[in-house]
Amino acid sequence: MSLSFCNVALPVPLRTTFTYAIPDSLRDSVQPGSRVLVPFRNKLLVGLVVECVQHAPPATKIREITKAIDFLPALTPKLIELAHWMAGYYLAPVGEVFRAMLPPVTELRTQRQVVLTESGRSAIEKAPAAPRSLDPQQHALLAQLCEKGGVIPLVSATKLGLDGTALQRLRRAGLIELRESMLGRKSKTQRVIAWKDVRANPEDSALPPILDEKVERVRSALQARGPLPQSQLLRATQLSRSVIERMLRDGLLESWEERIDPAEDPFDVGYVPPAHELNAEQETALKLVRARFELGEFGVLLMHGVTGSGKTEVYMRAVQDTLARGKTAIILVPEIALTLWIGRQCRAWFGARFEGVAVLHSALSDVERAREWWRVRNGEARVVVGTRSAIFAPLENLGLIIVDEEQESSYKQEETPRYHGRDVAIVRAKMENAAALLGSATPSLETYHHARSGKYELLTLASRVEQRAMASVEIVDLREDFSKTHQTSPISAALHAGIQECLAQKTQALVLINRRGYSWSVLCRSCGASVQCENCSISMTHHKQRNRLECHYCGSLKPIPKQCPKCQSKYVYFFGEGSEHLEERLRKEFPGARIARLDRDTARTKRQFQETLGAFAAGALDILVGTQMLAKGHDFQRVTLVGVISADSSLSLPDFRAAERTFQLLTQVAGRAGRGELPGRVLIQTYYPEHYAIQDAVKQDYPAFYERETQFRRAMAYPPFTSLANVIVRDTDLEKAIRWSRQLSEYFSPHDGKGLRILGPAAAPLAKLKREHRFQFLLKSPKRSLLAKILGGAMTYLDLKEIPETAVLVDMDPLSLM
Ligand code: ADP
Ligand code: ZN
Ligand code: ZN
């Protein structure tokens, strides 16, 4: 019985799969999880085979698959299962979910290979003469594989007379694996040095028991870290190569050549992560993680550790444990800069011992990304570090998923499929029976709520490593500052003095502002009109260097107006400082200082980003100005002052998470100060010093903030006490948008009050975005399943009323209601 049809998911906004016929020539290469090229309407699309079936639905014209793209199915069955869950939960077309999961389609230089498995090896070893279950050709193949070290190119197998079907049969029997391996990598190698445990060798007992001091340095480095690349070892021990050579000759060390990872970044060279003994809190946290591993089943742990408490150190050891148990691990980080940083640590920790660490993020070129992705798929990398979409890394035998800074909004994808990386991580961990370890200094309210209720296990790191003090946080009341100075500089007198002091002491300062550009509003003094984007209901931002206005939502540009577009008055003025303005101001106030700015305008590429951060870390800069980008994760040792220009701009947003965001941002940014030996100081400028989000951030008291904020959320029926879905109806034609929201309202209203609340339709806070008019419904229910049911029904209703699916945007668990 052959399966001659398959259902294919296509990246189109339709909630269905499509049936195609499998031509005989492709029978072997089309399996669930394979990517295929298929005709759709009048073009060719890349789709994913979801399942193979015997029959096609009757009375439809079935077209044939044009081409099979993958040799090895791109996705594992577990990932297909995850995609189905996502499509259901987030009400996203499954084809779009797969598109988010899959690597870019690129022409990689590859070689198809046949790999001998363990059972293949024992089969051939047990039966040197042809056993009955194998025909002579198959036997010859296994024998050749055995002889050639377990891997041969596919063409050699073909030369032995084995066709695709024969190979697939062997694969299904578990005797071989097929894989596609990348060619054209620089096969540059490095020498790795390991400590040879002499005590295990009785003949060596003649060695003097007391080793000399240099030997001792090498021994402790290698025993703490395991094998290290020679360059790193020399750096760590400050010894010359001749010492290592002597020890190799004496048989104290062993060495081998290992390929250098192509994803390596330039800062890797000679990078040695500090090897710390865990402190008591870290030790306890790690013990709890291990206890979870021992149970060998799914569980979520929240590691709530204040900034600088050494969470990374615990992550590394948890991954180390996972690998030692023969499993694989994913580490999600909220942004690209951190993938570099954590990736570097991982390579230093695991690169030399296990074949590899893969790094996945959106700033890689398509080829790099595809290459890394396939290294993972082929089992060549067992640790994956990456941003949001790395949660789909095709690892098998997953043991641990770490989500660092789990509260970060960058884990939420704000386009279809609108998934949350942390939540998908938890679901994936559950499906794979793995542990999920969430880490944060300021957990999201939802996560902490689960930890409090016992659904997650709570691990606490309450103090900074080595008893370092938390930075002292002070409020600068801008009302007072103004009444004293009558200055309009965004830099208050106190902040100015603080920076001056940093410069005098040759330490570093970070200054944070949450808007980029020069001025974020252009206003007419005569009529009060502001210059709005023509596509969006939002004011345009002035960028001075680029000499134009930009819309930060749709990217549209305008020349700087010489007069008011409405009343032609010449009194146009710019107000609201952005990062560009702040940088200019700092340069004026501190003429001798070395200053750089880091925001999305200056750090367009990975390289620019790295260069600026690298320069700052190396002490080549005194002041770094920037947006939120600066707030996260970085471990700068010489920062003694952090200034926050305005804590209020995020508080005043019409969003139920405004207080939470402000608290998180302030705490994170405070965490950048005083991480080294030097104590840190944080100055927060604000007009509302009495707000609890600011007060609790000053005290760096998360539990207090949690208590107050939960009261508000409970009273207002917001998460974590209710599930939320945001439904937006949108169209460039205002009348259509209105008509469709009316129709949708007819569907919704009978359900209102029956276990869920339906608010709307109302004009969305961003009433116009990218030329589209937007109306909003907000659905709230304590029961998520009910929400899902009603929304599922809404999708059917849309079909019935012939409302295009693209006109209705469903955001399950929205992070923002803007
Ligand atoms: P977090 O992510 O919790 O803010 P990090 O993991 O970045 O903190 O660690 C902060 C600093 O403390 C790092 O420089 C790290 O090397 C160091 N560190 C971690 N654990 C220890 C320890 N047990 N003893 C001394 N220093 C440590
Ligand atoms: Zn005007
Ligand atoms: Zn716009």
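Residues numbered from 1 in each chain as written. Chains lettered and ligands numbered in written order. Predicted model: local features only at pLDDT ≥ 70, side-chain atom pairs only at ≥ 80, totals over all residues. Heavy atoms only, no water.

Participant: Which parts of the structure should I look at to understand the overall build of the chain?
Facilitator: When its secondary structure is counted, the chain shows 24 helices and 34 strands. Seen along its three principal axes, the alpha-carbon backbone of the chain occupies a region of about 95 × 85 × 50 Å. Sequence-distant contacts in the chain: of pairs separated by 6 or more residues, those separated by 24 or more amount to 75%. Counting only carbon and sulfur atoms, one obtains 51% of the accessible surface of the chain, whose full area is about 36400 Å². Separation of charge centres in the chain, based on 109 positive and 92 negative side chains, amounts to 4 Å. (Helix = DSSP H or I, 4+ residues; strand = E, 2+ residues; numbered from the N terminus. Contact = heavy atoms within 4.5 Å. Areas by Shrake-Rupley, 256 points an atom, 1.4 Å probe, with all protein chains shown as cover. Lys, Arg positive; Asp, Glu negative; His and termini not counted. Charge placed at Lys NZ, Arg CZ, Asp CG, Glu CD.)

Participant: Any chance you could explain the coordination of the zinc ion (ligand 3) here in plain terms?
Facilitator: Around a metal, the ideal angle is 109.5 degrees if four donors adopt a tetrahedral arrangement and 90 or 180 degrees if six donors adopt an octahedral arrangement. Here the zinc ion (ligand 3) is held by the protein donor atoms Cys533 (SG), Cys536 (SG), Cys551 (SG) and Cys554 (SG), which lie 2.2 to 2.4 Å from it. Here the donor residues for the zinc ion (ligand 3) map to a single chain with the spacing C-x2-C-x14-C-x2-C. Placement of the pair is Cys533 in the loop between β22 (519-524) and β23 (541-543) and Cys554 in the loop between β24 (548-550) and β25 (557-558), with a sequence separation of 21 residues. Overall, the relative accessible area of 5% leaves Cys533 in the buried class. (Donors = N, O, S within 2.8 Å, 3.2 Å for Na, K, Ca; no water. Buried < 20%, exposed > 50% of the residue type's maximum accessible area, 1.4 Å probe, protein only.)

Participant: Would you mind going over the coordination of the zinc ion (ligand 2) with me for this structure?
Facilitator: Taken together, the protein ligands of the zinc ion (ligand 2) are Cys524 (SG), Cys527 (SG), Cys564 (SG) and Cys567 (SG), with distances of 2.3 to 2.4 Å. Bound by four donor atoms, the zinc ion (ligand 2) shows angles of 105 to 112° at the metal and therefore tetrahedral coordination geometry. Between the donor residues of the zinc ion (ligand 2), the gaps in sequence give the motif C-x2-C-x36-C-x2-C. One end of the pair, Cys524, is in strand β22; the other, Cys564, is in the loop between β25 and β26 (572-577), with 40 residues separating them in the sequence. The pair Cys524 / Cys564 is uniform in exposure class, with both members buried. (Tetrahedral: all angles 85-135°; square planar, octahedral: opposite > 155°, others 65-115°.)

Participant: I'm lost on empty space enclosed by the protein in this one. Help?
Facilitator: Leftover empty space is mapped by rolling, across the atoms, a probe with the size of a water molecule. Tallying each qualifying case throughout the model produces one cavity of 30 Å³ or more. Its volume calculated, the largest cavity comes out at about 30 Å³. Looking at the largest cavity, the residues that line it are Asn514, Val644, Ser646, Ala647, Ser649, Ser650, Thr662, Leu665 and Leu666. No other element matches the three residues that helix α20 (residues 658-670) contributes to the lining of the largest cavity. Taken together, the residues of the lining of the largest cavity break down into four nonpolar, five polar and no charged. (1 Å grid on protein atoms, 1.4 Å probe; cavity = no way out; pocket = protein on both sides within 12 Å on 5 of 7 lines; lining within 4 Å. Points joined across faces, edges and corners; volume = space filled by probe spheres on them. Nonpolar A, V, L, I, M, F, W, Y, C, P; charged D, E, K, R; others polar.)

Participant: So what exactly am I meant to see when it comes to the site of ligand 1 here?
Facilitator: Surrounding ligand 1, one finds 19 residues, the nearest of these being Glu277, Gln282, Gly308, Thr312 and Asp635. A distance of 2.6 Å is found between an oxygen atom of ligand 1 and a backbone nitrogen or oxygen belonging to Gly308. Relative to its unbound accessible area of 570 Å², ligand 1 is 88% covered by the protein chains. For the shell around ligand 1, the element with the highest residue contribution is helix α11 (residues 311-324), accounting for three residues. By residue class, the composition of the shell around ligand 1 is four nonpolar, nine polar and six charged. (Near = heavy atom within 4 Å. Polar contact = N/O pair within 3.5 Å; in protein donor to acceptor, adjacent residues only side chain to side chain.)

Participant: I'm lost on the sheet that holds strand β31 (residues 723-731) in this one. Help?
Facilitator: In sheet architecture, strand pairing relies on hydrogen bonds along the backbone and comes in two forms, parallel and antiparallel. Sheet architecture is open: four strands sit in the order β32-β33-β31-β34, paired in antiparallel fashion. Unpaired on one side and paired on the other, β32 (757-769) and β34 (808-812) mark the two borders of the sheet. When strand polarity is set aside, the average angle formed by the axes of neighbouring strands in this sheet is 25°. Note that β32 and strand β33 (residues 772-781) share seven bridges and pair antiparallel. Its bridge partner lying in β33, Lys768 is registered against His773. In this fold helix α23 (residues 734-748) packs onto β31, β32, β33 and β34, with an angle of close to 15° to the strand it touches most, β33. (Pairing = 2+ DSSP bridges. Axes fitted to C-alpha atoms, helices over the stretch in contact; angles between N-to-C directions.)

Participant: In this structure, what is going on with the sheet that holds strand β28 (residues 623-626)? I would like to understand it.
Facilitator: Judged by pairing direction, the sheet is parallel, and its six strands sit side by side in the order β20-β30-β29-β21-β28-β27 without closing on themselves. For this open sheet the edge positions go to β20 (472-477) and β27 (595-598), each flanked by a neighbour on one side alone. When strand polarity is set aside, the average angle formed by the axes of neighbouring strands in this sheet is 20°. Where strand β21 (residues 508-512) lies against β28, four bridges are found, and the strand directions are parallel. Counterpart to Leu510 in the pairing with β28 is Leu624. In this fold helix α16 (residues 478-485) packs onto β20 and β30 (681-686), with an angle of close to 55° to the strand it touches most, β20.

Participant: What's the story with helix α4 (residues 136-147) in this structure? I'm lost.
Facilitator: Residues spaced three or four apart along an α-helix face the same direction, because each turn holds 3.6 residues. With 12 residues, α4 extends 16 Å from end C-alpha to end C-alpha; this agrees with the ideal 16 Å at 1.5 Å per step. Of the residues making up α4, those classed as buried are Gln138, His139, Leu141, Leu142 and Leu145. With its buried residues spanning 155° around the axis, α4 presents them on a single face. More than 90 degrees from the buried face of α4, the exposed residues found are Pro136 and Glu147. Immediately beyond the C-terminal end of α4, within one or two residues, lies Gly149, with a positive phi of roughly 80°. (Expected span 1.5 Å × (residues − 1). Arc of directions from axis to C-beta.)

Participant: Honestly, the pattern of salt bridges in this entry has me stumped. Any pointers?
Facilitator: Any two side chains of opposite charge can pair, given that their charged atoms come close. Summed over the entire model, instances satisfying the criterion amount to 44 salt bridges. Note that Arg548 is salt-bridged to Glu550, the shortest N-O span being 2.9 Å. Given the relative accessible area of 25%, Arg548 is considered partly exposed. With relative accessibility at 6%, the residue Glu550 sits in the buried group. (Salt bridge = Lys/Arg side-chain N within 4 Å of Asp/Glu carboxyl O.)

Participant: Any chance you could explain the packing of helix α15 (residues 445-452) against helix α22 (residues 702-716) here in plain terms?
Facilitator: Two quantities define a packed helix pair, namely the angle between the axes and the distance from one axis to the other. One way to put it is that α15 packs onto α22 with a least axis distance of 11 Å and a crossing angle of 100°. Here α22 runs roughly perpendicular to α15, going by the angle between their axes. Packed against α15, whose contacting residues are Leu445, Tyr448, His449 and Arg452, the element α22 presents Tyr702, Pro703, Phe705, Tyr706, Glu707, Glu709, Thr710 and Arg713 at the interface. Counted by class, the contact of α15 with α22 contains six nonpolar, two polar and four charged residues. (Parallel < 35°, antiparallel > 145°, perpendicular 65-115°, else oblique.)

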